[in-house]
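Listed below, chain by chain, are the residues.
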Amino acid sequence: MDYLQVSETIEASISKLFEELRSGMSEREDSRAFGAMIEKRITENWETICSDAGFEAIVNPGRRTIYDFACRVDGKLFGFDVKTKDLDSSKYSDGGVCAVGNLLKFLANDKGVFMIVEFGHERSTPKNNTRDIEYIRVAPFHCLPANTYRIENLGTGQVRLNYTVNQVWEEIEWERSYNGFFDIFCDLTLTHYKRVKADADRRILSIQEFKDGGYRSFSFKR
């Protein structure tokens, strides 16, 4: 499976879809609304995008998926997740992707390819309310550089990105196998869970000592 070719094909089709709108797009009240507008336009044109590329469009089964739209390429499932990045350095972006378990289930159980569709955008001018799309990048999640991934302590673990796809574009390992990715990701996840467990054990001990001491004084152990 040529991931680079699939990425370039989808990127070119999406870029064409937004060609007339790359400059002066109406700004929404927040980045989430702007991202929803981008996602909606792609979804409405997804069948045409896939047809033009020779791919088989798949109807999204619902919001419980980790992707926004999907297709099959030579029988292989590809799920695409839209990420919008405000290029204003003062704007916070946590790089959130999905839960650890949901990612592993999609890659290992569904044998899917998880793709990131990243839009970099910024305000057209400091004084107006329109935005310009500066770049569009499409890449397979499992091929990103190892230092791009991180796990946050939310629920059963939340996958985050340290860098944008655009920032690491020249370092993407297009030929990386799933086993190669799992070697990286499972070690990262195990380290995270061990740290979380150690933190939880210290908190448990702190609460127990507080209880045993008659609730006189409390502090979390470090």
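Residues numbered from 1 in each chain as written. Predicted model: local features only at pLDDT ≥ 70, side-chain atom pairs only at ≥ 80, totals over all residues. Heavy atoms only, no water.

Draft legend 1. Spotlight on the environment of Phe-55. Along the chain, the position of Phe-55 falls in the loop between helix H3 (46-53) and strand E2 (56-58). Not counting residues up to four positions away in its chain, the partners in contact with Phe-55 are Val-6, Thr-9, Ile-10, Cys-50, Cys-71, Arg-72 and Val-73. (Helix = DSSP H or I, 4+ residues; strand = E, 2+ residues; numbered from the N terminus. Contact = heavy atoms within 4.5 Å.)

Draft legend 2. Molecular detail of the nonpolar core. Judged by nonpolar contacts, the single largest core of 56 residues is most densely connected at Ile-42, Phe-80, Leu-103, Phe-114, Phe-119 and Phe-141. Of the residues forming this core, the biggest block, six residues, is contributed by strand E6 (residues 113-123). (Core = buried A, V, L, I, M, F, W, Y, C linked by side-chain atoms within 4.5 Å. Buried < 20%, exposed > 50% of the residue type's maximum accessible area, 1.4 Å probe, protein only.)

Draft legend 3. Representation of a nonpolar patch on the surface in the model. Nonpolar side chains collect at one region of the surface, where Ile-207, Phe-218 and Phe-220 lie side by side and expose about 280 Å² of accessible area between them. Note on placement: Ile-207 falls in helix H5 (residues 178-212). Of the residues examined, Ile-207 reaches a relative accessible area of 43% and is grouped as partly exposed. (Patch = residues over 30% accessible without salt bridge, like charges linked within 9 Å, V, L, I, M, F, W, Y side chains within 5 Å. Areas by Shrake-Rupley, 256 points an atom, 1.4 Å probe, with all protein chains shown as cover. Salt bridge = Lys/Arg side-chain N within 4 Å of Asp/Glu carboxyl O.)

Draft legend 4. Just the packing of aromatic side chains, in detail. Tallying each qualifying case throughout the model produces 20 aromatic pairs. Between Phe-78 and Phe-80 the ring centres are 6.4 Å apart and the planes differ by 25 degrees, which places this aromatic pair in the stacked class. Phe-80 carries the same exposure label as Phe-78, and that label is buried. With a centroid separation of 6.5 Å and 90 degrees between ring planes, the pair formed by Tyr-149 and Phe-185 is classed as edge-to-face. Remark: Phe-185 occurs in helix H5 and Tyr-149 occurs in strand E8 (residues 149-152); sequence separation between them is 36 residues. There is no split in this pair, since Tyr-149 and Phe-185 are both buried. One aromatic cluster is present, built from ring pairs that chain together Tyr-67, Phe-106, Phe-114, Phe-141, Tyr-149, Tyr-178, Phe-181, Phe-182 and Phe-185. In this arrangement the basic side chain of Arg-41 is found over the ring face of Phe-18, its NZ or CZ atom lying 5.7 Å from the centre. The lysine or arginine in question, Lys-76, covers the ring of Tyr-178, its NZ or CZ lying 5.4 Å from the ring centre. (Phe/Tyr/Trp six-rings, centres within 6.5 Å; stacked < 30°, edge-to-face > 60°. Lys NZ or Arg CZ within 6 Å of the ring centre and 35° of its normal.)

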